[in-house]
Amino acid sequence: MAIPSFVDRVTVHVTGGNGGNGCASVHREKFKPLGGPDGGNGGDGGSIILRVDPDLTTLVDYHRSAHRSATNGAQGKGDHQAGSKGGDVVLPVPDGTVVSTPEGEVLADLVGPGAEFVAAQGGKGGLGNAALASSSRKAPGFALLGEDGEERTVVLELKVVADIGLVGFPSAGKSSLVASISRARPKIADYPFTTLIPNLGVVVAGETTFTVADVPGLIEGASEGRGLGHDFLRHVERCAALVHVIDCATYEPGRDPLTDLDTIEAELTAHGGLDDRPRLVALNKVDVPDAKEIAEMVTAELEQRGFTVFSISTASHEGLDGLKFAMAELVAKRRAEAEKPDTTRIIIRPQATGGSEFKIRTTPEGGWLIQGEKPERWVRQTDFGNAEATGYLADRLNRLGVERELLELGAMEGDDVIIGDGPNAVVFDFAPEVQAGAEILARRGEDHRLEEDRPAAQRRKDKDEKYHALRSGEIERPVDLSEYGKGWIADEVDLSPAEAKAAQKAAERLARKEARELEAARELEAERLFRAGQDIDIEAESSNQDA
């Protein structure tokens, strides 16, 4: 089956890239086996972006290649290395493309070169443990997972952007008119439905340049799907004015210019949204004698209805100049009435809604279903294989007020709590204020050992408090400070290698000083004893001599 050259309606499945997971890493180097968390964040996934390309006129590129996906973000690494972002995928579309859901909800109307719409947003990358560290959680042993990219189906529908739309029955001469007043060369033949695609032509009339769209032939019932008009009526929705091209030389029974005009007007009314467009009537093929007479007969009645009528011939070019300038006048008037685009940069800031960030309702099974953007996103980011990460999720939900509201609604310990809806829902057993691990009795997701002060740090705090107390006079300064610092336990001293070496040298100097003082005291004592012994001997000798 051949691929058509013109496609104005396609269904495209778009998928944004997934965000990379964050990294849980600890910095390690010599003398610093626990240098702190240094896990980087995961990269964001790429997005699918629709962008208007003025050089495109069809959606045929997506007719057979209807699935488009962006690349995923990379995972974070240690040493604070963030993962690379996924590349965005830009899909060029023609000017005038309408983006909608399969249910018919319009998401964007892309008009003007460079207009963009993000059809599928890439997922956010997960935070690494370095970004999760705080004063109360100094060394997280977990990281957040990346979010999945958005995935959805969109319908692209092309509405030709033209100033003038030509409408009429098949073989009325619309394509011939476009070829006569512009450089466009559409296919022209003498059988109905020759034109299968809208043709655009650029027309210059004086100082006004405008575009004319040749819409494929309409028949009675076109708005209900008969013929080709049902598929192409949308292409006249953006036109500033409509021109009825009426065949005055048709030989089909039951047709005349007035009946043809009424039939086309009925189809335009049934399609809707075109009642405010000014109309011109072009009675074509007046180069045929009978057709010229018919045109002269119906001109007066058409003018009574309020139409501006032109008798033209695309073969002899009769009346084409008047029709061109009349179309240019309508276009210039419409452009003058149109509001000038505001070039001021618009900054959109989301407003606070003031409502709850989650909703809780009961399930038929007796459980509790929690729905909300934040809780569902937090669940997607959590690695449930890590107990600390699960505790961190529990603390986030608690701070959001989920636990308090469950208790107010009457939830009992052990009840099923479901977060999210659909296949990605997660079920918990309700247990308020449950600790993250039996071996660590602390807040969920935290380690109480990181909160304890080391003995040396506590001593420094005590000395600092005592110093300020002495300065302020709250306590009296002790006279004898010889006992200060004695009684410390060696295992409690927490010093760096340099401080330990300096302390060791000071202790050795003190020991040598004490040894010298002890030796000097011993020598003095020995000398004293020696002199005392000599005095005893002298006294004894003197006593013998006297005797």
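Above this text you will find the structure in question.
Reading the values: rules and limits
Residues numbered from 1 in each chain as written. Predicted model: local features only at pLDDT ≥ 70, side-chain atom pairs only at ≥ 80, totals over all residues. Heavy atoms only, no water. Pairing = 2+ DSSP bridges. Helix = DSSP H or I, 4+ residues; strand = E, 2+ residues; numbered from the N terminus. Axes fitted to C-alpha atoms, helices over the stretch in contact; angles between N-to-C directions. Buried < 20%, exposed > 50% of the residue type's maximum accessible area, 1.4 Å probe, protein only. Contact = heavy atoms within 4.5 Å. Parallel < 35°, antiparallel > 145°, perpendicular 65-115°, else oblique. Nonpolar A, V, L, I, M, F, W, Y, C, P; charged D, E, K, R; others polar.

Engineer: Explain the sheet that holds strand S2 (residues 48–52) residue by residue, including any values.
Structural biologist: Judged by pairing direction, the sheet is mixed, and its three strands sit side by side in the order S4-S2-S7 without closing on themselves. Of all strands in the sheet, those with a lone pairing partner are strand S4 (89–93) and strand S7 (116–120), marking the two edges. Taking the axes of each pair of neighbouring strands and ignoring which way they run, one obtains an average angle of 30 degrees across the sheet. Where S2 lies against S7, four bridges are found, and the strand directions are antiparallel. Across the sheet, residue Ile49 finds its bridge partner in S7, namely Val118.

Engineer: Explain helix H3 (residues 174–181) residue by residue, including any values.
Structural biologist: With seven of eight residues buried, H3 lies mostly within the body of the structure. Among all positions in H3, only Lys174, Ser175, Ser176, Leu177, Val178, Ala179 and Ile181 are buried. Against the buried residues of H3 lie strand S9 (164–167), strand S10 (199–205), strand S11 (208–214), strand S12 (241–247) and helix H7 (320–337).

Engineer: Break down the pairing of strand S15 (residues 359–362) for me, with residues and values.
Structural biologist: It is a general feature of regular strands that their side chains alternate between the two faces of the sheet. Taken together, the four bridges between S15 and strand S16 (residues 368–371) define a ladder with antiparallel strand orientation. Among the inter-strand pairings, Thr362 is bridged to a residue of S16, identified as Trp368. Where S15 folds back onto S16 in an antiparallel hairpin, the turn is made up of five residues, including Gly366, whose phi is positive at roughly 95 degrees.

Engineer: Tell me about the packing of H3 against H7, and name the residues and values.
Structural biologist: Running from amino to carboxyl end, H3 crosses H7 at an angle of 85 degrees, the nearest separation of the two axes being 11 Å. On the basis of the axis angle, H3 is roughly perpendicular to H7. Along the contact surface, H3 presents Leu177, Ser180 and Ile181, while H7 presents Leu320, Leu323, Lys324 and Met327. Residue composition of the contact of H3 with H7, grouped by class: five nonpolar, one polar and one charged.

Engineer: Tell me about the environment of Ser171, and name the residues and values.
Structural biologist: Of note, Ser171 is situated in the loop between S9 and H3. Sequence separation of Ser171 and Val245 is 74 residues, and the distance between their C-alpha atoms is 9.8 Å.

Engineer: Go over the sheet that holds strand S18 (residues 426–429) with me, naming the residues and quoting the values.
Structural biologist: Read across the open sheet, the four strands follow the order S15-S16-S17-S18; overall the sheet is mixed. With one partner strand each, in any of the chains shown, S15 and S18 form the two edges of the open sheet. In this sheet, adjacent strand axes meet at a mean angle of 25 degrees when their direction is disregarded. As defined by bridge partners, S16 adjoins strand S17 (residues 416–419) across three bridges and the pair is classed as parallel.

Engineer: Pulling in residues and values, what's your account of unusual backbone geometry?
Structural biologist: Negative phi is the rule for most residues except glycine; trans is the rule for most peptide bonds. Within the chain, Asp79 stands out as a residue other than glycine whose phi angle is a positive 60 degrees. Among the structural elements, Asp79 can be located in the loop between strand S3 (67–69) and S4. Despite not being glycine, His317 shows a phi value in the positive range, around 65 degrees. Of the residues examined, His317 reaches a relative accessible area of 46% and is grouped as partly exposed.

Just distances and angles here, no functional claims.
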